[in-house]
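# Topology and contacts: notes
Each chain, letter by letter, is given below.
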Amino acid sequence: MKSLQARKLAVLGERLAASSDWRDHFAKAGMHPRDLAAADGLAHAPTLEKADLRARYPLPFLTAEPARVVRFFATSGTTGLPVMFGFTEGDLKRLAQQVARYLHCIGVRPGDRVYQGFGYGLWIGGSAHELGLHALGATCIPVGPGRSELVVEWLRDLAVDAATASPLFLAHLVRVARERGIEPKKDWRLRAAIVGGQAVSRPFREQLEAEMPEGFRAYNNYGTTEAGGSHLANACPHSHECDEMHLINEDAVLTEILDPQTLAPVAPGEVGEIVVTTLDKEASPVVRWRTRDLVRLADKPYDCKCGRSGMPRIGRIIGRSDDALKVRGTLVFPSQVEDVIAATPGTVKEAWQIYVDALDGSPKTITVAIECEAGLDGSAARLAEAVAHSLQSRLGLKVPVECHPQGTLPRYEAKARRVLVKDKP
């Protein structure tokens with residue numbers, strides 16, 4: 001794998017050398033794109049930031065003739081204008097093969113019926129999975145997130161084998177099904193799901209699996225639009241049990257796990273930021289794209305029982321290097337809060353919120369809102385007290401906890417907005 005990546009880096013450097021944007025970008029580090037052919041070329045190459053992309057709006061670092069671009073995808077644009085990324089016909093074919101690879105890895109086979117529940121439009125998730133299902137020869141039911149009352153019946157009536165969706169929306173479908181008299185555990189035939197769009201805690205995932213047919217597994221998936229799709233990491237049946245994922249397409253997407261401060265590679269077992277280089281992308285490649293997503297490199301990254309020794313393992317996404325909240329000197333990641341809520345009996349696992357007085361990363365006040373399950377055996381006040389106690393043990397910080405009736409807090413079909421400014425009374 002290392003030898004293959006080195007050969008592809010040299011070819012990539014030649015391709016980038018024809019672009020004035022890329023030559024100027026490498027010049028900032030005193031380099032030329034062809035320097036990627038050196039043994040230490042990538043390690044010394046400049047990283048790519050969102051500001052670099054936006055400075056070249058609307059088509060940053062495009063390396064294919066515009067007429068060859070057959071499709072655009074875009075970032076969410078939650079903090080500014082969306083950044084557009086082009087795909088040639090070849091890019092789409094490679095993406096389809098890469099998605100088909102991890103779908104096959106979790107047990108999806110030709111002829112299987114698959115509900116595709118990721119979003120469409122400019123977001124890459126839905127289209128990438130539909131392409132992958134087609135390449136694999138599976139039957140795609142391309143609904144996207146929504147039409148819940150119909151979907152829960154189709155899952156039963158069409159005997160759907162697998163699903164792709166955000167974990168929150170999949171949990172929402174379970175709730176809608178029961179409201180309509182459908183019991184997922186016995187009325188659905190689902191045996192697997194690809195869940196992505198946001199990281200979820202292990203207790204949340206295990207509860208979701210317990211509500212599904214016997215043997216069902218919800219496999220974590222990770223990707224980014226900037227890196228070319230949802231194809232960066234995915235669990236196999238063995239890594240799933242460890243709450244880990246394989247960097248499943250390392251022959252096409254080279255991934256570094258780096259210390260976010262020093263940009264030095266982290267050791268096994270340590271936490272670092274995912275930094276990505278697309279080796280084969282024709283239209284909108286990235287070199288050392290800083291995702292800002294933090295992840296723990298496995299203790300033995302190359303030692304999975306499945307045999308994928310060239311595809312190292314990482315844990316689920318812990319948080320982002322730029323979304324930590326510093327509250328009274330203590331760093332708080334939303335994923336830490338979710339871990340506590342998901343592990344506390346009586347809470348609605350997909351419904352929780354963090355309220356702050358400001359979104360500048362250093363709020364003066366923080367409150368956690370949860371929901372209690374309908375028919376809770378005990379008082380809402382005691383549940384809030386239990387969560388507050390666990391949060392203090394986990395964070396070393398006293399955090400007020402509000403407990404609301406089930407159905408009170410916001411629900412999210414795609415990426416959840418967990419940190420919100422609390423309205424002043």
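Residues numbered from 1 in each chain as written. Predicted model: local features only at pLDDT ≥ 70, side-chain atom pairs only at ≥ 80, totals over all residues. Heavy atoms only, no water.

### Some details on the packing of helix α12 (residues 334-342) against helix α13 (residues 380-395)
What counts here: Only the stretch in contact is used when fitting a helix axis, every axis being a line fitted to C-alpha atoms; angles between N-to-C directions are given from 0 to 180 degrees. Elements are defined by DSSP. Helices are runs of H or I of four residues or more, strands are runs of E of two residues or more, and each kind is numbered from the N terminus. Just so you know how the angles are binned, under 35 degrees is roughly parallel, over 145 roughly antiparallel, 65 to 115 roughly perpendicular, and the rest oblique. Crossings are assigned a handedness: left-handed for a near helix turned anticlockwise from the far helix by less than a right angle, right-handed for a clockwise turn. Pairs of residues are marked as contacts when any of their non-hydrogen atoms sit within 4.5 Å. Lys, Arg, Asp and Glu make up the charged group, whereas Ala, Val, Leu, Ile, Met, Phe, Trp, Tyr, Cys and Pro make up the nonpolar group; the residues left over, Gly among them, are polar.
Two elements in contact, α12 and α13, have axes whose closest approach is 10 Å; the angle formed by their N-to-C orientations is 135 degrees. In terms of orientation, α12 and α13 fall into the oblique class. Judged by the sense of rotation from one axis to the other, the crossing of α12 with α13 is right-handed. Seen from α12, the contacting residues are Gln336, Val337, Asp339, Val340 and Ile341; seen from α13, they are Val387, Ser390, Leu391, Arg394 and Leu395. Of the residues that constitute the contact of α12 with α13, the class distribution is 6 nonpolar, 2 polar and 2 charged.

### So, the packing of helix α5 (residues 89-105) against helix α6 (residues 124-136)
Direction vectors running N to C along α5 and α6 enclose 75 degrees, while the axes themselves pass 7 Å from each other. The pairing of α5 with α6 is recorded here as roughly perpendicular in orientation. Facing α5, whose interface residues are Leu92, Leu95, Ala96, Val99, Ala100, Tyr102, Leu103 and His104, α6 presents Ile124, Ala128, His129, Leu131, Gly132, Leu133, Ala135 and Leu136. Here the contact of α5 with α6 is built from residues that sort into 13 nonpolar, 3 polar and no charged.

### Brief notes about the side chain of Thr255
Going by this rule: The definition of a polar contact used here is a pair of N or O atoms within 3.5 Å, where within protein one atom must be able to donate a hydrogen and the other to accept one, and adjacent residues in sequence count solely through side-chain atom pairs.
Its place among the elements puts Thr255 in strand β10 (residues 253-258). For Thr255, the side chain forms a polar contact with the side chain of Glu250, separated by 3.0 Å. What Thr255 contacts, discounting residues up to four positions off in sequence, is Leu232, Leu247, Glu250, Ile274 and Val275.

### Examining the sheet that holds strand β19 (residues 401-405)
Remark on secondary structure: sheet strands pair via backbone hydrogen bonds, oriented parallel or antiparallel. Here is the rule we go by: By the convention used here, strands pair only if DSSP detects at least 2 bridges between them.
Within the open sheet, the 4 strands sit side by side as β19-β18-β17-β20. Their pairing is mixed. Single-partner strands in this sheet number two, and they are β19 and β20 (419-421). On average, each strand axis in the sheet is tilted by 30 degrees relative to the strand beside it, whichever way the strands run.

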